[in-house]
Amino acid sequence: MLIGQRVLVAGGGVAGYAVARALALRGASVELAEAGAADAAAAAGGGLQITPNGMRVLDALGLGEAARDQGLASQAVVLRDGLLGGVITRLDLGPHRAEGLEYRLFHRADLVALLAEGAREAGVKIRTGAPVEVLSDGAEARARVAGDEVSTPLLLCADGFHSSGRPVLNGPADPFFTGQVAWRAVIPADRAVPSEVQAYLGPGQHLITYPLRGGDLRNIVAVEDRRNWAAEGWNHVDAPQNLRDAFSGFCPEVRALLEQVESPRLWGLFRHEIAARWHGQGLALLGDAAHPTLPFMAQGANMALEDAWVLADCLDAMPQPEALAAYQALRLPRVRRAIAAANANARNYHLRGFARYGAHKVLKIGGWLAPGAALKRFDWLYRHDVTKAQ
Ligand SMILES: Cc1cc2nc3c(=O)[nH]c(=O)nc-3n(C[C@H](O)[C@H](O)[C@H](O)COP(=O)(O)OP(=O)(O)OC[C@H]3O[C@@H](n4cnc5c(N)ncnc54)[C@H](O)[C@@H]3O)c2cc1C
């Protein structure tokens, strides 16, 4: 179905480059327009956890080996009491790894660069510094690319949570502030630390940290409950002392990490409804453009990879109108479930008082009695293989 099919992809992030490569490998003639400058991805710091469901897509795209060179294998997720530092429970990923289920820790810039190179190598024509403004869907979708009007038989919007295509299909979005803000920072690290995700949970706050780039860097995301916030975005620079003050009640290990933070980014977490329409005629949304998620299940990039694969697969298997409808129908239930799990973690990580004490006790005892059970609850997520399941 795709040989010679002209496709324009808006947005060069995880979803955009992944779908561009998937389509080009199947014979489509793909152009991708990214609003940012060529080196913007490299500047966009921060870590991404890619879980087995996302790794399978990287493998199916033929990028698994390159990804393994870049992403650190994660050995465990350790939940800790943020105030005292002690371990609540340790989710050992070893048994999953033995079955070939891999959890990897990436610098976002490395993952995007790897996907971009994969797209280029498959023949995708990439333009940077080229924002896309979607005008309409139709037999030919219309858009302005860097100010020039173009029409195309298929326009795929992978342009993130401020998507230009989403309002064309769904009207204006109405995201709401969740009452939580997050700081994100990357600090130099000691290669000797174990390759584990550490989650420090406190009343109304939590902090997640893990190593990146062979252990030379450490990613930090710190979240706290707060009443008011104005703008949504990932790139508001904050004073490091504000972050240190906010977590001054946390254990010494956390305070020592925060001492090294130099220029944290602060942003307000907003909830967006999943878009009701992911496609019109000749126009479709994928990744955050269709369904932004809170970061508490580490699934936004994984869902973006899955979307890219399924969308390309559907377009390859059937005519475009049916393909776009099948894509949304296949993806919606799974995306909904992953987002609901992230929303639940937003509450569970920040429990206070007796609820917090009780929940930590249950996790601790559960970890002793049935060490694999906590991870097993997420078999539906991590064991799913979109490259086989359609
Ligand atoms: C703190 C934090 C931690 C996270 N941790 C994880 C994690 O561990 N694992 C995980 O899976 N996910 C994680 N996520 C979520 C993940 O980063 C996103 O869900 C994922 O990047 C979405 O991919 P995307 O391609 O849809 O959008 P993006 O990666 O945001 O890419 C969109 C691209 O489109 C470009 N663009 C925007 N507008 C236009 C336009 N009009 N025209 C052209 N280009 C445009 C942007 O410049 C950008 O390059 C995290 C998010 C945050 C905030």
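Scroll up a little and you will see the structure.
Residues numbered from 1 in each chain as written. Predicted model: local features only at pLDDT ≥ 70, side-chain atom pairs only at ≥ 80, totals over all residues. Heavy atoms only, no water.

Draft legend 1. Spatial organisation of the nonpolar core. Within the largest apolar cluster, 85 residues are counted, with the highest numbers of intra-cluster contacts made by Leu23, Leu115 and Leu156. Among the elements that take part in this core, helix α10 (residues 300-317) stands out by supplying 11 residues, more than any other. If near-sequence neighbours (up to four positions away) are discounted, leucine 115 is found in contact with Val14, Tyr17, Ala18, Leu58, Leu61, Leu63 and Leu305. (Core = buried A, V, L, I, M, F, W, Y, C linked by side-chain atoms within 4.5 Å. Buried < 20%, exposed > 50% of the residue type's maximum accessible area, 1.4 Å probe, protein only. Helix = DSSP H or I, 4+ residues; strand = E, 2+ residues; numbered from the N terminus. Contact = heavy atoms within 4.5 Å.)

Draft legend 2. Just the sheet that holds strand β9 (residues 132-136), in detail. Spatially, 3 strands are ordered β9-β10-β11 in an open sheet, and the strand pairing comes out antiparallel. Each having just a single partner strand, β9 and β11 (148-152) make up the two edges of the open sheet. Across this sheet, the average inter-strand angle for adjacent strands is 30°, counted without regard to direction. Across 5 bridges, the pairing between strand β10 (residues 141-145) and β11 is antiparallel. (Pairing = 2+ DSSP bridges. Axes fitted to C-alpha atoms, helices over the stretch in contact; angles between N-to-C directions.)

Draft legend 3. Fine view of the site of the ligand. As a structural note, the neighbourhood of the ligand is formed by 29 residues, with Glu34, Gln49, Arg108, Asp288 and Ala301 the closest of them. Contacts to the ligand include alanine 301, whose backbone N or O atom sits 2.7 Å from an oxygen atom. A total of 1000 Å² of accessible area belongs to the ligand in isolation, and the protein chains cover 88% of it. Secondary-structure elements contributing two or more residues to the shell around the ligand are α1 (14-25), β3 (47-50) and α10. No other element matches α10, which puts 4 residues into the shell around the ligand. Its residues placed into classes, the shell around the ligand shows 14 nonpolar, 10 polar and 5 charged. (Near = heavy atom within 4 Å. Polar contact = N/O pair within 3.5 Å; in protein donor to acceptor, adjacent residues only side chain to side chain. Areas by Shrake-Rupley, 256 points an atom, 1.4 Å probe, with all protein chains shown as cover. Nonpolar A, V, L, I, M, F, W, Y, C, P; charged D, E, K, R; others polar.)

Draft legend 4. Quick peek at helix α9 (residues 252-259). Among the residues of α9, those classed as buried are Val254, Leu257 and Leu258. For α9, the angular spread of buried residues about the axis comes to 95°, placing them on one side. Away from the buried face of α9 by more than 90 degrees, exposed residues Pro252 and Glu259 are located. Packing partners of the buried residues in α9 comprise β13 (176-188), β14 (196-202), β15 (205-212), β16 (217-225) and α8 (240-246). (Arc of directions from axis to C-beta.)

Draft legend 5. How the structure looks around the packing of aromatic side chains. Using the criterion set out here, one finds 8 aromatic pairs in the structure. Considering the side-chain rings of phenylalanine 177 and phenylalanine 270, the 5.7 Å spacing of their centres and the 50° angle between planes classify their relative orientation as tilted. Of this pair, phenylalanine 177 sits in strand β13 while phenylalanine 270 sits in strand β18 (residues 265-271), and the two are 93 residues apart along the sequence. Take phenylalanine 177 and phenylalanine 270: they sit in the same class, and that class is buried. Each ring, one from phenylalanine 296 and one from tyrosine 349, has its centre 6.3 Å from the other, and the planes form 65°; the classification is edge-to-face. With a gap of 53 residues between them, phenylalanine 296 in the loop between β20 (283-285) and α10 and tyrosine 349 in the loop between α11 (320-348) and α12 (353-369) connect regions that are remote in the sequence. On the basis of relative accessibility, which here comes to 5%, the residue phenylalanine 296 falls in the buried class. Chaining the aromatic ring pairs together yields one cluster made of Tyr103, Phe378 and Tyr382. The ring of tryptophan 309 carries arginine 26 above its face, with NZ or CZ at 4.8 Å from the centroid. (Phe/Tyr/Trp six-rings, centres within 6.5 Å; stacked < 30°, edge-to-face > 60°. Lys NZ or Arg CZ within 6 Å of the ring centre and 35° of its normal.)

Draft legend 6. Spotlight on unusual backbone geometry. Backbone geometry at arginine 213 places phi at a positive 45°, although glycine is not the residue there. If you trace the backbone, arginine 213 turns up in the loop between β15 and β16. Of note in this structure, alanine 298 is not a glycine but carries a positive phi near 50°.

Draft legend 7. Just the pairing of strand β5 (residues 76-81), in detail. With 5 of its 6 residues buried, β5 lies for the most part within the structure. Relative to strand β6 (residues 87-92), β5 is paired through 5 bridges, and the arrangement is antiparallel. What sits directly across from arginine 80, in β6, is valine 87. Between β5 and β6, which follow one another and run antiparallel, lie 5 residues, and glycine 85 among them has a positive phi close to 90°. As defined by bridge partners, β5 adjoins β14 across 6 bridges and the pair is classed as parallel. When the sheet's bridge partners are listed, arginine 80 is paired in β14 with tyrosine 200.

Draft legend 8. Examining the state of the cysteines more closely. In this structure the tally under the stated criterion is 0 disulfides. Cysteine cysteine 157 remains unbridged, with the sulfur of cysteine 314 as its closest cysteine sulfur at 17 Å. (Disulfide = S-S within 2.5 Å.)

Draft legend 9. Seen up close, the sheet that holds strand β7 (residues 104-107). Ordered in space as β3-β7-β4, the 3 strands form an open sheet in which the pairing is antiparallel. Two strands bound the open sheet, and with one partner strand each, they are β3 and β4 (72-73). Here 2 bridges tie β4 to β7, and the two strands are oriented antiparallel to one another. When the bridges of β7 are listed, leucine 72 appears paired with leucine 105. Against the sheet, helix α6 (residues 108-121) engages β3 and β7, with an angle of about 85° to β7.

Draft legend 10. α1, seen in detail. The terminal C-alpha atoms of α1 lie 17 Å apart, and with 12 residues this matches the ideal 16 Å at 1.5 Å per residue to within 8%. Counting buried positions along α1 gives 11 out of 12 residues, so the element sits mostly inside the fold. Those residues of α1 that sit buried are Val14, Ala15, Gly16, Tyr17, Ala18, Val19, Ala20, Arg21, Ala22, Leu23 and Ala24. Looking one or two residues beyond α1, the residue adopting positive phi is glycine 27, at roughly 105°. (Expected span 1.5 Å × (residues − 1).)

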